[in-house]
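Each chain is listed here by its residues.
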Amino acid sequence: MRLPRFFGRKPSAVEILNGGTWKCTRCEDEHQGMFDLASDRPDQCHTELEIEPNSAIRFEGDFLSEDLCVLGGEDFFVRGVLEIPVRGVAEKFGFGSWSTLSRENFGIYVNGFDNGKYADDGPWFGWFSTWMRGYTEKLPLECMVYPQPDRQRPTFLIDSESQTLAMAQQQGISAEKLLAIYAEYGHEVG
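Basis of the calculations
- One numbering rule holds for all chains: residues counted from 1, following each sequence as written.
- Residue-level local features of this predicted model are given only where pLDDT is at least 70; pairs of side-chain atoms are given and counted only at 80 or more, and the full residue set underlies all totals for whole chains, interfaces and linings.
- By convention in this description, side-chain values take in all heavy atoms of the structure and omit both hydrogens and water.
- Strands are runs of DSSP state E lasting at least two residues, helices are runs of H or I lasting at least four, and both sets are numbered from the N terminus onward.
- The atom set for the radius of gyration is the C-alpha atoms, and the globule formula is 2.2 Å times the number of residues raised to the power 0.38.
- Buried residues are those whose accessible area, probed at 1.4 Å on protein chains only, stays under 20% of the maximum for their type, while exposed residues exceed 50% and partly exposed ones sit between those limits.
- In what follows, a contact means two residues having at least one pair of non-hydrogen atoms within 4.5 Å.
- The accessible surface values rely on the Shrake-Rupley method and a 1.4 Å probe; as for residues, cover is taken only from the protein chains in view.
- As used throughout, the charge tally considers Lys and Arg to be positive and Asp and Glu to be negative, leaving His and the chain termini uncounted.
- By convention, the point assigned to a charge is CZ for Arg, NZ for Lys, CD for Glu and CG for Asp.
- Two rings from Phe, Tyr or Trp (for Trp, the six-membered ring) form a pair when their centres are within 6.5 Å of each other. A pair whose planes differ by under 30 degrees is stacked, one over 60 is edge-to-face, and the rest are tilted.
- Think of it as the arc spanned by the lines of direction from the helix axis to the C-beta atoms.

J.: Which parts of the structure should I look at to understand the overall build of the chain?
T.: Within the chain, the secondary structure is distributed over 4 helices and 10 strands. Beginning at the N terminus, the succession of helices and strands in the chain can be written as α-β-β-β-β-β-β-β-α-β-β-β-α-α. The C-alpha atoms of the chain give 18 Å as radius of gyration, which agrees with the globular expectation for 190 residues (16 Å, within 12%). Summarising its shape, the C-alpha atoms of the chain cover approximately 60 × 35 × 35 Å along the three principal directions. Among the 190 residues that make up the chain, the fraction classed as buried is 44%. Put simply, 55% of the contacts in the chain that link residues at least 6 apart link residues at least 24 apart. Accessible surface, the chain as shown: approximately 10,300 Å² in total, 47% of it carbon and sulfur. One way to put it: in the chain the 18 positive side-chain charges average out to a point 9 Å from where the 30 negative ones average out.

Laid out in C-alpha cells, this is it:
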C-alpha cells in the first residue's frame, strides 16, 4: 500500500486516520492510520487478578481471561467491541471493552465460544462496564450484546439514546474527536 504524501503540510485528522503515518509524541511509536484501543478487564475487576487461559474458566469465585471474567461467582462479563463510526473514514473505530451478562446467557456464550456457534441466541441485555476516556458517562450503561459467529468477539450497542456513547454509535464522531481519545490513552499526533 502506498502511503499518502503531504508535501510539508500537516495532514488533516481525516487524512491521518485514512492511512497517514504519524509519530506519536508520547509513546514515540510510529502509527499508521486508525487503530483500536482495548481494556484488559472490566472496570469492576481489581488489578491484582491475573489473566488466565480461557480454558480455566470457573463460574465460582474470581476468574479473568482475555475474553471472560467472573467476579465473586455472581457477576459475569464478556469482552467485546464497542464500534463507533468515524466521519470521513470507511472503517469503524473499535473499543475493546466489557459487558455483563446474566449467568444463563454467560453459560450459553461460554458453551458456544470454541465453535462460535450460538444458533439463534442474542442479542442479550448487559451492562456496559468499561469507562472510555473522553466520555463522561457513569458506569454501568445499559447495552445489548450481539454474539458474533466464527469466534469473533461480540459487539455492544449502548441502549440509552441519552448517553453520549450511544449518540456516538448512532451519529459517528469526528476524526478530531478520535485523535483526542487517542491522546487520552497516551497516543498523540505531533
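Next comes the rest of the account.
J.: Please clarify how the packing of aromatic side chains should be interpreted in this entry.
T.: Inspection of the entire model under this criterion finds 10 aromatic pairs. Taken together, a centroid distance of 6.2 Å and an interplanar angle of 75 degrees make the contact between Phe 93 and Tyr 182 edge-to-face. Here the residue Phe 93 occupies a position in strand E7 (residues 92-101), and Tyr 182 occupies one in helix H4 (residues 175-184), the gap between them amounting to 89 residues. Accessibility assignment for this pair places Phe 93 and Tyr 182 in one class, buried. Between Tyr 109 and Trp 124, the ring centres sit 6.5 Å apart and the planes meet at 90 degrees, which makes this aromatic pair edge-to-face. Note that Tyr 109 is positioned in helix H2 (residues 103-113) and Trp 124 in strand E8 (residues 124-128), a separation of 15 residues in sequence. Take Tyr 109 and Trp 124: they sit in the same class, and that class is buried. A connected cluster of aromatic rings, assembled from ring pairs, spans Phe 35, Phe 93 and Tyr 182.

J.: For this particular structure, what's the right way to read the environment of Leu 157?
T.: By secondary structure assignment, the location of Leu 157 is in strand E10 (residues 155-158). A C-alpha to C-alpha distance of 5.2 Å links Leu 157 and Met 144, two positions 13 residues apart in sequence. Setting aside chain neighbours within four positions, we find Leu 157 in contact with Glu 142, Cys 143, Met 144, Tyr 146 and Gln 169.

J.: I keep staring at helix H3 (residues 164-171) and nothing clicks. Help me out?
T.: Residues separated by three or four positions in an α-helix point in the same direction, a consequence of the helix having 3.6 residues per turn. Regarding H3, the residues found buried are Leu 165, Ala 166, Ala 168 and Gln 169. Seen end-on, H3 carries its buried residues on one side only, within an arc spanning 160 degrees. In the core, the buried residues of H3 are packed alongside strand E6 (75-85), E8, strand E9 (141-146) and E10.

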